[in-house]
Amino acid sequence: MQDRDAVVIGAGFAGMYMLHSLRQLGLDATVIERGSGVGGVWHWNRYPGARCDVESMSYSYSFSEELEQEWVWPHRYAMQPDILRYANHVADRFDLRRDIVFNETVVKAEYDETERRWLVSTGAGETFRCRYLVMATGCLSVPKVPDLPGLERFRGRVLHTADWPTEGHDFSGQTVGLIGTGSSGIQSMPIIASQAKQLTVFQRTANYSIPAWNGPLPAEHEAELKRRYRALRQKARESYAGDYADEYYASVLDLSPAEREVQFEKRWQEGGFNYQYAFADVMADERANDLAAEFVRNKIRATVKDPRVAEILCPKDHPFGSKRLCVDTEYFETYNRDNVTIVDIKADPIVEMTESGLCTSDGEYRFDTLVLATGFDAMTGALNAIDIRGRGGALLKEQWRDGPRSYLGVAVAGFPNMFTITGPGSPSVLANMILAGEQHVEWIAGFIAHAEANGFREIEAESEAQEQWARAVTESAAKTLYVRANSWYLGSNVPGKARVFMPYVNGFQVYAHACEDVAKSGYRGFRMS
Ligand code: NA7
């Protein structure tokens, strides 16, 4: 048994900063990480084309001015190897590794009410006892493998984008099947197609995607951003998506048809998420959403030469942005290659896997390698994978059977001294994840400092505050078009998972102010003893 002031689970960006912040409070903390290195999602998702959809100058830590000034991002949007290099640099620069235990999976965390301590056990049989437990387990860290009948029969190689082999995989000369056309499928597909002899994409739902227009970050532009970094970071903290690029332009419906086309085209040419976030009514009004969606569909029709393929690729059964928007590099263009085929598996469903490929109702498709870009058990998957037992031995997973409930996305009633970073009920997955993580870490560290200074041994969300927050999360989502898709935001991508909208949709800035207010009020909604 090892005693610590705090245990943090997960050494992604949130976990690393949490460790740094706990040290600054003078606390003795250990991070337990199941992977062999830091970086979390960027450690596992090594598939070709993996890239961040938030610009790199924004998707980076803001807590250290020296760090943000010295680090050089080579591209406008950072590729996975660069982000992982950055994570490793941070771990070294702040000497974090000495307090991180790698290659250990936490299987159980149990609250001892008498001692007011958490007992955290790993699969290797190690137990840590601590006063504070911080779950930095990530929102997209449990890959989802689809239940394909006969998958075990397939003789070729199966790769999941979120569990990519460290040594990589060369598709040269291979025939490849790809299932999944979310962000991971859309990012990896053009690169797989450029290497493979033949690629067949099995698409269940067509997705909206905006070009990234990625490229080298010009040195003068970088220098200019670095000069204005403080102001830009502040702007990001006051924005909906936690990104300094985020700016409300206008309501789509207030624009004349001609002006609308100009504005859609402008955002399209800028690339990335701003196409969604620049317009105030796109996620709130169906008519505005339809116009934004049709503009994207027309771009697809203008890009993909075969009209039949273009129509398969045009999303029609969910509102624009209601599934996480994708940001691509030549995704639609790649369907013009001779070695790429698309199969619409909604029209022609997969029946079973075979030894050499898969069968749909139309016949067999053969391939050497199957790539699963089939997503994650998002937001609650990693928390529910651990046997977390709070007051009275209550199991978190059981408590969340009908959907997760938390106070501010950081704390759960009945689970004292435990915090969740970017947990369900927070806006993190709709925002810049590094900034969202920083905001949580700073708030949690502030609360812990408050508890330490006042001699509180137990701090816990009150059920009533939690219920109020959970209601606000659900009710605000219900007013938007986000709830109109079968997305991972709603848990509907995982069979049997409760259909509850998990992120807080009112914006990062509104959320951060709510957290600040709670802190300023002396932590309203928490019981402290
Ligand atoms: P996503 O966005 O959840 O996409 C998963 C894709 O896999 C999506 O197209 C799914 O179709 C498809 N899928 C999942 N299960 C199946 C089965 N059983 N059969 C066929 N197709 C299936 O995951 P990503 O990894 O791409 O991205 C996750 C997040 O990472 C992303 O949102 C960003 O935040 C970064 P469906 O739409 O469910 O019909």
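Reading guide: rules and limits
- Residues numbered from 1 in each chain as written.
- Predicted model: local features only at pLDDT ≥ 70, side-chain atom pairs only at ≥ 80, totals over all residues.
- Helix = DSSP H or I, 4+ residues; strand = E, 2+ residues; numbered from the N terminus.
- Rg over C-alpha atoms; globule rule 2.2 N^0.38 Å.
- Buried ≥ 20, exposed ≤ 12 C-beta atoms within 10 Å, placed from the backbone.
- Core = buried A, V, L, I, M, F, W, Y, C linked by C-beta atoms within 7 Å.
- Domains from an automatic or database assignment.
- Contact = placed C-beta atoms within 7 Å.
- Axes fitted to C-alpha atoms, helices over the stretch in contact; angles between N-to-C directions.
- Parallel < 35°, antiparallel > 145°, perpendicular 65-115°, else oblique.
- Nonpolar A, V, L, I, M, F, W, Y, C, P; charged D, E, K, R; others polar.
- Left-handed = near helix turned anticlockwise from the far one by under 90°.
- Pairing = 2+ DSSP bridges.
- Near = placed C-beta within 6 Å.

This paragraph deals with the overall build of the protein chain. Along the backbone of the protein chain there are 17 helices and 20 strands. Relative to a compact globule of 529 residues, whose C-alpha radius of gyration would be 24 Å, the protein chain shows 23 Å and is just as compact. Principal axes of the C-alpha set define a box for the protein chain whose edges measure 70 × 55 × 45 Å. Relative to its full complement of 529 residues, the protein chain shows a buried share of 48%.

Here the focus is the nonpolar core. For soluble globular proteins, nonpolar side chains are generally found buried alongside one another. With 159 residues, the main nonpolar core has Val7, Val8, Met18, Leu133, Val134, Leu178 and Ala292 as its most contacted residues. Each of domain 1 (2–38 + 96–142 + 377–528) and domain 2 (151–218 + 237–372) gives at least three residues to this core. For Leu133, the contacting residues outside a window of four places in its chain are Val7, Ala109, Trp118, Val120, Asn417 and Met418.

The next point concerns the packing of helix α15 (residues 433–454) against helix α17 (residues 508–520). Closest axis-to-axis distance for the α15/α17 pair is 11 Å, and the angle between their directions is 5 degrees. Taken together, α15 and α17 sit at an angle that is classed as roughly parallel. Contact residues: α15 offers Ala436, Gln439, Trp443, Gly446 and Phe447, while α17 offers Phe508, Ala512, Cys515 and Ala519. Among the residues making up the contact of α15 with α17, the classes are represented as seven nonpolar, two polar and no charged.

With that settled, the discussion passes to the packing of helix α1 (residues 13–24) against α15. The N-to-C vectors of α1 and α15 enclose an angle of 30 degrees; their axes lie 9 Å apart at closest approach. When the axes of α1 and α15 are compared, the pair comes out roughly parallel. The chirality of how α1 crosses α15 is right-handed. In this structure, α1 uses Phe13, Ala14, Tyr17, Met18, Ser21 and Leu22 to contact α15, whose residues at the interface are Ile434, Gly437, Glu438, His440, Val441, Glu442 and Ala445.

The next subject is the domain arrangement of the protein chain. In terms of domain boundaries, the protein chain breaks down into domain 1 (2–38 + 96–142 + 377–528) and domain 2 (151–218 + 237–372). One C-alpha centre belongs to domain 1, the other to domain 2, and the line joining them spans 31 Å. The interface of domain 1 with domain 2 comprises 15 residues on the first partner and 16 residues on the second. Those elements giving two or more residues to the side of domain 1 that touches domain 2 turn out to be α15 and α17. If you tally residues by element for the side of domain 1 that touches domain 2, the top one is α17, at three residues.

The three strands lie next to each other as β13-β14-β15, forming an open sheet whose pairing is antiparallel. Two strands in the sheet have a free side with no partner beyond their single neighbour: β13 (350–354) and β15 (363–366). Ignoring strand direction, the axes of neighbouring strands in this sheet form an average angle of 25 degrees. Across four bridges, β13 lies against strand β14 (residues 357–360) in antiparallel orientation. For Glu352, the partnering residue across the bridge sits in β14 and is Cys359.

Around the ligand sit 20 residues in total, of which Pro146, Gly180, Gly182, Arg324 and Gly375 are the nearest. Of all the elements, helix α5 (residues 183–195) adds the most residues to the shell around the ligand, at three residues. In terms of residue class, the shell around the ligand is built from seven nonpolar, 11 polar and two charged. Residue contributions to the shell around the ligand reach at least three from each of two domains, namely domain 1 (2–38 + 96–142 + 377–528) and domain 2 (151–218 + 237–372).

Here five strands make up an open sheet; going across it, the order is β7-β16-β8-β9-β12 and the pairing parallel. Each edge of the open sheet carries a strand with a single partner, namely β7 (157–160) and β12 (340–344). Going across the sheet, the axis of each strand differs from the next one's by a mean of 20 degrees, ignoring polarity. Summarising the sheet, strand β8 (residues 175–179) and strand β9 (residues 198–203) pair through five bridges and their orientation is parallel. Residue Gly177 lies in a different strand from β9, and its bridge partner there is Thr200. Docked against the sheet, α5 engages β8, β9, β12 and β16 (369–372), running at close to 170 degrees with respect to β8.

Right, let's talk about the environment of Arg524 for a bit. With respect to the secondary-structure elements, Arg524 resides in the loop between α17 and β20 (526–528). Classification of Arg524 by C-beta neighbours within 10 Å gives exposed; the count is 11.

Note: most residues except glycine have negative phi, and most peptide bonds are trans. Phi at Leu408 takes a positive value of approximately 60 degrees, unusual for a residue other than glycine. Examined against the element boundaries, Leu408 turns out to sit in the loop between α14 (396–399) and β18 (418–420). Its 25 C-beta neighbours within 10 Å are what place Leu408 among the buried residues. In this structure, Asn417 takes a positive phi of about 55 degrees despite not being glycine. Structurally, Asn417 can be placed in the loop between α14 and β18.

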